[in-house]
Amino acid sequence: MKYVNAGNILPDPLVKELQKYIEGGYLYIPRDQARSRAWGEASGYRQELKRRNQKIAEGYRNGETVEELAEHYCLSVHAIRKIIYQK
């Protein structure tokens, strides 16, 4: 996240009001929760991981070993087990 000079984007009266509370410091303005998205939703990566995990679970059900799946997906045996045994 980059910093933006408030004087460049906010009206002068608002900048003056903010200066009463914090002058020369940094102010974080949180995202509106109604517009917030969960991790990976914007990029589609969450769905991609879900499909990958489904393939891993399917491979295990079809007889592939945990070690084979770990090798194929470049994950640790521990990570494969977490994917397979998740509810």
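Report follows, based on the coordinates. (Residues numbered from 1 in each chain as written. Predicted model: local features only at pLDDT ≥ 70, side-chain atom pairs only at ≥ 80, totals over all residues. Heavy atoms only, no water.)

1. A few points about the packing of helix α4 (residues 66–73) against helix α5 (residues 77–85)
The relative placement of two packed helices comes down to the angle between their axes together with the axis-to-axis distance. Threshold: Fitted lines through C-alpha atoms serve as axes, helices being fitted only where they are in contact, and the angles separating the N-to-C directions of these axes extend from 0 to 180 degrees. Secondary structure follows DSSP: runs of H or I at least 4 residues long count as helices, runs of E at least 2 residues long count as strands, and numbering of each begins at the N terminus. When describing relative orientation, an angle under 35 degrees is termed roughly parallel and one over 145 degrees roughly antiparallel, while 65 to 115 degrees is termed roughly perpendicular and anything else oblique. For this analysis, residues touch if any pair of their heavy atoms sits within 4.5 Å. Ten residues, namely Ala, Val, Leu, Ile, Met, Phe, Trp, Tyr, Cys and Pro, are considered nonpolar, four, namely Asp, Glu, Lys and Arg, are considered charged, and the remaining ones, Gly among them, are considered polar.
Taken N-terminus to C-terminus, the directions of α4 and α5 make an angle of 110°; their axes are 9 Å apart at the nearest point. Relative to α5, the element α4 lies roughly perpendicular. Contact with α4, carried on its side by Val-66, Glu-67, Leu-69 and Ala-70, involves Val-77, Ile-80, Arg-81 and Ile-84 of α5 and no other residues of that element. Considered class by class, the residues forming the contact of α4 with α5 number six nonpolar, no polar and two charged.

2. Things to note about unusual backbone geometry
Phi at Cys-74 is positive, roughly 55°, even though this residue is not glycine. As for its placement among the helices and strands, Cys-74 is situated in the loop between α4 and α5.

3. Re the pattern of salt bridges
Which entries qualify depends on this criterion: Salt bridges are identified by distance alone: a Lys or Arg side-chain nitrogen within 4 Å of an Asp or Glu carboxyl oxygen. Each residue gets one of three labels from its accessible area relative to the maximum for its type: buried under 20%, exposed over 50%, partly exposed in between, using a 1.4 Å probe on protein chains only.
Tallying each qualifying case throughout the model produces one salt bridge. The closest approach of N and O atoms between Lys-20 and Glu-17, which form a salt bridge, is 3.1 Å. Overall, the relative accessible area of 64% leaves Lys-20 in the exposed class.

4. A look at the packing of aromatic side chains
Under the convention used in this document: Aromatic rings from Phe, Tyr and Trp, taking only the six-membered ring of Trp, are treated as a pair when their centres fall within 6.5 Å; an angle between ring planes under 30 degrees marks them as stacked, one over 60 as edge-to-face, and anything in between as tilted.
For the structure on display, the rule yields three aromatic pairs. Their ring planes at 40° and their centres at 4.5 Å tell us that Tyr-3 and Tyr-26 sit as a pair that is tilted. Here Tyr-26 lies in the loop between α2 (12–19) and α3 (45–61) and Tyr-3 lies in the segment before α1 (6–9), a separation of 23 residues in the sequence. Each member of the pair Tyr-3 and Tyr-26 is classed as exposed.

5. Structural notes on the environment of Arg-81
Position of Arg-81 among the secondary structure elements: in helix α5. Taking the relative accessible area as the measure of exposure, Arg-81 reaches 40% and is therefore partly exposed. Between the alpha carbons of Arg-81 and Arg-61 there is a distance of 13 Å; along the sequence they are 20 residues apart. Not counting residues up to four positions away in its chain, the partners in contact with Arg-81 are Val-66 and Glu-67.

Purely spatial values, then, with no claim about function.
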